[in-house]
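# Coordinates in review
Spelled out from the first residue to the last, the chains are:
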Amino acid sequence: MLTLGIETSCDETAAAVVRDGQEVLANIISSQSIHSKFGGVVPEIASRQHLKTILPVYEKALKEAGVNLDEIDLIAATNGPGLIGPLLVGLTFAKGLAFARDIPFVAVNHLEGHLVANLLEHKELKRHHLALIVSGGHTMLVEVRDFGEYQLLGATKDDAVGEAFDKVAKLLGLGYPGGAKLDKLAQSGNPSFVKFPRALRLEKSFEFSYSGLKTAVALYLKKLSETELKNQKADIAASFQEAAIEVLVDKTVLAAKQKNISDVALSGGVAANSRLRSLMQEKLSISGGRLFYPDIKLCTDNAAMIAAAGFYRYQKNGPDEFNIDATPYLKLV
Ligand code: KG4
Ligand code: ZN
C-alpha cells in the first residue's frame, strides 16, 4: 500500500511516499530559512511559504518515488499540534487531493509521527518501549505499549528543550534555529565550566522545566564583557547543553528502570543532539538497555513519519471524514 504523507505543522513543507508504513520511496523537505532573520517562526509568513511550496514539494515527492497520483492508495496529513495557518495549508491540500481522486484520507497527530519515525527505521525496536520526544515545541516522556497505545509519563511545565536550545543559541549569537550550531560549538567546550541548574532533577516525577535554565544562562551572560563572551562561548554552550541533557537522560533512565522497559527511542529535532545520544547510550548500557534514534532526516519534521503513522492509523481505524479539522493543541493522549 502506497501512502502519500503531507506535513506543514511549523516551518517545514514536506511530502513523502512510503510503502506499507515501512519503505521510504521519497522524503522531500523544504525548510523555510526566511524566519532566521526574525529570530523565530512568523506564523503568517510560514503559512504563505507553505502555500507557495506545497505543490512543487508534492510533485517532487511523486517524481522521486517514481509513482503517479493514481497509484497512491492513502493520503495522510498532519492535523495538529502546530500553527493553525501552516496546518491548514497541508491539511486542506491533502483533503482536496483525496476528495478529488476518491482516495482514502487520514489525519495524523504530529507527535505520533515522531514516535513512528523510530518504527520506520528500526524493525528490531520492541513495540513496547519508552519514547522521549524532544523538539522545538515538545518535551515528553511516553510509554508506548503498542501503536496508538500511549501513556504520558511527563512533559515540560514551561519551555520545550529545543526552545531552550534555540533561545540560548540566540543569546550566544548563533542565529535561529541554533540548536544544531550550539551542539557543534559545545563539542569544543568544557561542560563543567559553569554549573547551571538542573531543574527538577531530584524530584522523582517525570516532569521537566527549561525556563529557569534559559534565564540562568541569560543572567550569566549579562555579567560578561564582549571579550569574555568571545573567549567563553564554547564553554558556556557546553555547560548549558550538559545541564539540559543530563536531566533528560536521568529521568528517562529512571523511567525505564521503574517500568522495566529495555528499549528507549528518541525522536524530534533534539534527538539529533550528539550529547543526548552519547550520554543516554552510556547510562542505558549500564542496565543493559537499548537506545534507538532515527537518522537526522527522520528526527526533524518530515512527511515520511506522517505517511507511516497514517498507514498504521488507517489499518487500525479506517479512513477519517473530510470534515476533520486542524487542531493547534492536539494531544497525543
Ligand atoms: O522536531 P523539529 O524539527 O520541529 C518541532 O516539531 O519543533 O525540532 C526542531 C528543534 C529546534 O529547536 C532545533 O534547534 C532543535 O530541534 N535541534 C537541535 C539539534 N538539531 C535540531 N537541538 C539540539 N541539538 C541538535 N543537534
Ligand atoms: Zn516536530
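This one's a predicted model, so the numbers in the text were calculated from it and none came from an experiment. All residue numbers refer to positions counted from 1 along the written sequence of the respective chain. Labels are handed out in written order, letters beginning with A for the chains and numbers beginning with 1 for the ligands. Residue-level local features of this predicted model are given only where pLDDT is at least 70; pairs of side-chain atoms are given and counted only at 80 or more, and the full residue set underlies all totals for whole chains, interfaces and linings. Note that water and hydrogens are dropped before the side-chain values are worked out from all heavy atoms of the structure.

A few words now on the coordination of the zinc ion (ligand 2). Water is not among the atoms examined, so metal sites may look incomplete; donors are the N, O and S atoms within 2.8 Å of the metal, or within 3.2 Å for Na, K and Ca. The coordination sphere of the zinc ion (ligand 2), as far as protein atoms go, consists of His110 (NE2), His114 (NE2) and Asp301 (OD), spread over 2.0 to 2.2 Å. Look at where the donors of the zinc ion (ligand 2) fall in the sequence and you get H-x3-H-x186-D. Here His114 and His110 lie together in helix H3 (residues 110-121), a separation of four residues that amounts to about one turn. Classification of residues uses two cut-offs on accessible area relative to the type maximum, computed with a 1.4 Å probe and protein chains only: under 20% is buried, over 50% is exposed, and between them is partly exposed. The class for His110 is buried, based on a relative accessible area of 5%. Relative accessible area serves as the criterion here: at 1%, His114 is assigned to the buried category. Each helix is a run of DSSP H or I of at least 4 residues and each strand a run of E of at least 2, with the numbering of both proceeding from the N terminus.

It is worth spelling out the site of ligand 1 at this point. Consider each residue's heavy atoms; a residue with any of them within 4 Å of a molecule or strand counts as near. Close to ligand 1 lie 18 residues; Gly136, Asp166, Asp183, Gly269 and Asn273 are nearest. Two N or O atoms count as a polar contact when they lie within 3.5 Å, although within protein this holds only if one can serve as hydrogen donor and the other as acceptor, and sequence-adjacent residues are included solely when both atoms are side-chain atoms. The separation between an oxygen atom of ligand 1 and a polar main-chain atom of Asp301 is 3.1 Å. Protein coverage of the free-state accessible area of ligand 1, which is 560 Å², stands at 87%. Counting residues per element, the ones that place at least two in the shell around ligand 1 are H3, helix H4 (161-171) and helix H5 (179-186). Split into classes, the residues belonging to the shell around ligand 1 amount to four nonpolar, eleven polar and three charged. Segmentation of the chain into domains, including their bounds, is taken from an automatic or database domain assignment. In terms of domain composition, the shell around ligand 1 takes at least three residues from each of domain 1 (2-114 + 298-317) and domain 2 (127-295). Reported accessibility uses the Shrake-Rupley method at a 1.4 Å probe radius. Residues are deemed covered only where the shown protein chains occlude them. Here the nonpolar group is Ala, Val, Leu, Ile, Met, Phe, Trp, Tyr, Cys and Pro; Asp, Glu, Lys and Arg are the charged ones; every other residue, Gly included, is treated as polar.

All right, on to the domain arrangement of the chain then. For the chain, the assigned domains read domain 1 (2-114 + 298-317) and domain 2 (127-295). Contact with domain 1, which involves 16 residues of that partner, is made by 18 residues of domain 2. Overall, the association of domain 1 and domain 2 removes approximately 1400 Å² of surface from exposure, summing both partners, and the carbon and sulfur fraction of that is 66%. Buried area: the accessible area, evaluated with a 1.4 Å probe, that two parts lose upon being put together, summed over both parts. Interface area lost by domain 1 to domain 2 is led by Leu111, His114 and Cys299, which between them contribute 38%. We count a salt bridge whenever a side-chain nitrogen from Lys or Arg sits within 4 Å of a carboxyl oxygen from Asp or Glu. For the interface between domain 1 and domain 2, the tally reads zero salt bridges. For the side of domain 1 that touches domain 2, the elements supplying multiple residues, two or more each, are H3, helix H9 (296-299) and helix H10 (304-317). With four residues, the top contributor of residues to the side of domain 1 that touches domain 2 is H10. In the side of domain 1 that touches domain 2, the residues fall into seven nonpolar, six polar and three charged. Only heavy atoms enter the contact rule, under which two residues are in contact if any of them lie within 4.5 Å.

It is worth spelling out the pairing of strand S2 (residues 12-19) at this point. Across the eight residues that make up S2, a large majority, seven, are buried. Strand pairing requires that DSSP identify at least two bridges connecting the strands. Bridging between strand S1 (residues 2-7) and S2 involves six bridges; their strand directions are antiparallel. Opposite Leu2, over in S2, you have Arg19 as the bridge partner. The hairpin turn running from S1 into S2, its antiparallel successor, is four residues long. In terms of strand pairing, S2 meets strand S3 (residues 23-31) through eight bridges, oriented antiparallel. Opposite Ala14, over in S3, you have Ile29 as the bridge partner.

Here a ring pair, both rings aromatic, is described through the centre-centre distance and the interplanar angle of the planes. Ring geometry is summarised as follows: Phe, Tyr and Trp rings, the Trp one being its six-membered ring, pair when their centres sit within 6.5 Å, and such pairs are stacked at plane angles under 30 degrees, edge-to-face over 60 and tilted between the two. Within the structure shown, the criterion is met by seven aromatic pairs. Look at Phe99 and Phe322: their rings are 5.5 Å apart centre to centre, the planes differ by 90°, and that puts the pair in the edge-to-face class. Taken together, the residues Phe99 in helix H2 (residues 84-101) and Phe322 in the segment after H10 connect sequence positions 223 residues apart. Judged by its relative accessible area of 62%, Phe99 falls in the exposed class.

Backbone torsion omega between Gly80 and Pro81 reads -10°, so that peptide bond is classified as cis. Relative to the helices and strands, Pro81 is located in the loop between strand S4 (74-80) and H2. At the junction of Tyr176 and Pro177, the peptide bond is cis and its omega measures out at -10° in the coordinates. By the secondary structure assignment, Pro177 is in the loop between H4 and H5. One non-glycine residue with positive phi stands out, namely Asp20, at about 50°.

Here we take up H2. Relative to the 26 Å expected for 18 residues at 1.5 Å per residue, H2 spans 26 Å between its end C-alpha atoms, a close match to the ideal helical length. Residues of H2 that are buried: Pro86, Leu87, Val89, Gly90, Leu91, Phe93, Ala94, Lys95, Leu97 and Ala98. Lining the buried residues of H2 we find S1, helix H1 (43-65), S4 and strand S5 (105-109). Phi turns positive, to about 55°, at Asp102, one or two residues after H2. Here the expected span of a helix is defined as 1.5 Å times the quantity of residues minus one.

Before going further, it helps to examine the sheet that holds strand S7 (residues 139-146). Pairing in this open sheet of five strands is mixed, and the strands run S8-S7-S6-S9-S10 from one edge to the other. Two strands lie at the open edges of the sheet, namely strand S8 (149-155) and strand S10 (290-292), each paired on one side alone. Averaged over all adjacent pairs, the angle separating strand axes in this sheet is 25°, with direction ignored. Pairing geometry for strand S6 (residues 129-134) and strand S9 (residues 263-267), over four bridges, is parallel. Helix axes are fitted to C-alpha atoms over the stretch in contact, other axes to C-alpha atoms as well, and angles between N-to-C directions run from 0 to 180 degrees.

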